[in-house]
Amino acid sequence: MSLGPLFIMFAVNAALADKWEPPENPDPQSILTEAQADVRDKRYEIALDKFVWFHEHALEFQPAMTGVRLSFALGYWYDLGQKYPPALDKLEDARDVAARKVADGTNLVASFHDFASINRTLDEETLTQELFEVLDSQNAKAAKKVFGLAQPALVRAKAYALCAKYLEPESDFKRMKLIYNQGKKLADNPLIGKRHLDFANRKFTNEVTTLVALLAANERKPEAEEIAKQAREEWDDDTFHKDIESALEGKVPDPWP
């Protein structure tokens with residue numbers, strides 16, 4: 001055998017050795033942790049394979065990883081892209097896939113969530129606004145389903161009038177109140193405690209003041225005042241009440257978290 005075929009064989013084997021494949025019974029958290037270690041050790045291609053796998057398959061094995069998948073994991077993937085540009089290309093590809101699914105109506109809410117989360121990671125939330133505007137003009141029923149996911153991008157873009165079309169003050173506040181009370185109950189658990197209570201308070205404050213301010217900014221003052229009244233009754237806190245007064249003036253807070 002000549003050296004040429006031998007060289008090709010060794011090159012192919014080396015390439016295969018560097019190719020990562022998931023184990024038979026993959027643990028998404030372990031794979032995500034491994035990917036971070038791969039980045040530190042400059043095994044960028046393997047790290048990218050793991051980030052892509054986690055994004056595409058983690059929920060098949062651990063549905064509870066939804067939050068991690070669309071926050072920390074995307075952040076780690078983006079950080080890899082600063083060192084290894086093909087990773088950014090892949091992240092943009094994942095966004096394009098999500099956008100096509102939204103257009104097709106495939107897993108609409110989950111697909112829009114992916115799209116919005118990747119845009120937030122890439123600091124390109126204008127694209128979220130634009131896609132929501134398309135839905136608003138072509139399929140208001142679909143737009144209503146994903147409005148909560150689009151709202152942060154719309155607020156940052158000051159698209160307050162568009163937001164107003166999808167506000168349902170009474171039902172929106174009931175949902176906020178329910179989640180807030182659930183959060184307070186969790187905080188009673190000593191294993192969770194004050195840190196979670198602080199989170200629940202801040203989330204409730206941001207959601208309520210955003211709702212009140214959007215109503216006020218769109219000349220729906222009676223509705224804004226009614227929600228403000230119910231919110232004050234729910235939580236008697238001076239700072240919270242001052243934030244509500246500001247919201248009643250139509251000052252929309254920045255989205256949080």
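Residues numbered from 1 in each chain as written. Predicted model: local features only at pLDDT ≥ 70, side-chain atom pairs only at ≥ 80, totals over all residues. Heavy atoms only, no water.

(A) Summary view of the packing of aromatic side chains. In this structure the tally under the stated criterion is 13 aromatic pairs. Between Y180 and W235 the ring centres are 6.0 Å apart and the planes differ by 45°, which places this aromatic pair in the tilted class. Taken together, the residues span a long stretch of sequence, with Y180 in helix α11 (residues 169-187) and W235 in the loop between α13 (221-234) and α14 (238-248) at a distance of 55 residues. Given a relative accessible area of 18%, W235 falls into the buried group. Every member of this aromatic cluster is reached through a ring pair, and the members are F173, Y180, F204, W235 and F240. (Phe/Tyr/Trp six-rings, centres within 6.5 Å; stacked < 30°, edge-to-face > 60°. Helix = DSSP H or I, 4+ residues; strand = E, 2+ residues; numbered from the N terminus. Buried < 20%, exposed > 50% of the residue type's maximum accessible area, 1.4 Å probe, protein only.)

(B) Seen up close, a nonpolar patch on the surface. On the surface, a nonpolar cluster with roughly 310 Å² of combined accessible area is contributed by L186, L191 and I192. With respect to the helices and strands, the residue L191 is situated in the loop between α11 and α12 (194-217). A relative accessible area of 79% places L191 in the exposed class. (Patch = residues over 30% accessible without salt bridge, like charges linked within 9 Å, V, L, I, M, F, W, Y side chains within 5 Å. Areas by Shrake-Rupley, 256 points an atom, 1.4 Å probe, with all protein chains shown as cover. Salt bridge = Lys/Arg side-chain N within 4 Å of Asp/Glu carboxyl O.)

(C) Structural detail: empty space enclosed by the protein. Enumeration over the complete set of coordinates arrives at one cavity of 30 Å³ or more. Estimated volume of the largest cavity: approximately 40 Å³. A116, R120, E125, T128, L149, A150, P152 and A153 are the residues that line the largest cavity. Mapped by element, the contributors of at least two residues to the lining of the largest cavity are α7 (108-122) and α9 (140-156). In terms of residue count, the dominant contributor to the lining of the largest cavity is α9 (four residues). (1 Å grid on protein atoms, 1.4 Å probe; cavity = no way out; pocket = protein on both sides within 12 Å on 5 of 7 lines; lining within 4 Å. Points joined across faces, edges and corners; volume = space filled by probe spheres on them.)

(D) Representation of the packing of α13 against α14 in the model. Packing of α13 against α14 leaves a shortest axis separation of 10 Å and a crossing angle of 175°. Between α13 and α14, the crossing angle belongs to the class labelled roughly antiparallel. Contact with α13, carried on its side by K221, A224, E225, A228, A231 and R232, involves F240, H241, I244, E245 and L248 of α14 and no other residues of that element. Classifying every residue of the contact of α13 with α14 gives six nonpolar, one polar and four charged. (Axes fitted to C-alpha atoms, helices over the stretch in contact; angles between N-to-C directions. Parallel < 35°, antiparallel > 145°, perpendicular 65-115°, else oblique. Contact = heavy atoms within 4.5 Å. Nonpolar A, V, L, I, M, F, W, Y, C, P; charged D, E, K, R; others polar.)

(E) A look at the nonpolar core. Ranked by internal contacts, the top residues of the largest apolar core, which has 44 residues, are F112, F132, L154, F204, V208 and V212. Ranked by the residues each element gives to this core, the list is headed by α12, at nine residues. Not counting chain neighbours up to four residues away, the residues in contact with F132 comprise F112, A143, V146, F147, A150, L154, L162 and Y166. W20, A58, L74 and L91 belong to the second-largest nonpolar core, a separate cluster that totals 25 residues. (Core = buried A, V, L, I, M, F, W, Y, C linked by side-chain atoms within 4.5 Å.)

(F) Structural view of the packing of α7 against helix α8 (residues 126-138). At a minimum axis separation of 9 Å, α7 and α8 run at an interaxial angle of 150°. By the angle class used here, α7 and α8 are roughly antiparallel. Within the contact between the two elements, α7 uses F112, F115, A116 and N119 and α8 uses L127, T128, L131, F132 and L135.

(G) Inspection of the layout of surface pockets at higher detail. Approximately 1,000 Å³ is the volume attributed to the largest pocket. Around the largest pocket sit 32 residues that line it, and G148, L149, P152, K203 and E207 are the ones nearest its centre. Going through the elements one at a time, α4 (66-69), α7, α9, α11 and α12 are the ones with two or more residues in the lining of the largest pocket. Looking at the lining of the largest pocket residue by residue, the classes come out as 14 nonpolar, nine polar and nine charged.

(H) Geometry of α12. Along its 24 residues, α12 runs 34 Å from first to last C-alpha, staying within 8% of the 34 Å computed at 1.5 Å per residue. E219, located one to two residues past α12, shows a positive phi value of around 60°. (Expected span 1.5 Å × (residues − 1).)

(I) Main features of the confidence of the model for the protein chain. For the protein chain, the mean per-residue pLDDT works out to 93, and 93% of the residues sit at or above 70. A low-confidence stretch, residues 6-17 (pLDDT under 50), is modelled with one contact involving residues beyond four sequence positions or located in other chains. (pLDDT = per-residue confidence, 0-100.)

(J) Spatial organisation of the environment of V134. Residue position: V134 is located in helix α8. Given the relative accessible area of 37%, V134 is considered partly exposed. Taking C-alpha positions, V134 is 32 Å from E226, a pair spaced 92 residues apart along the chain.

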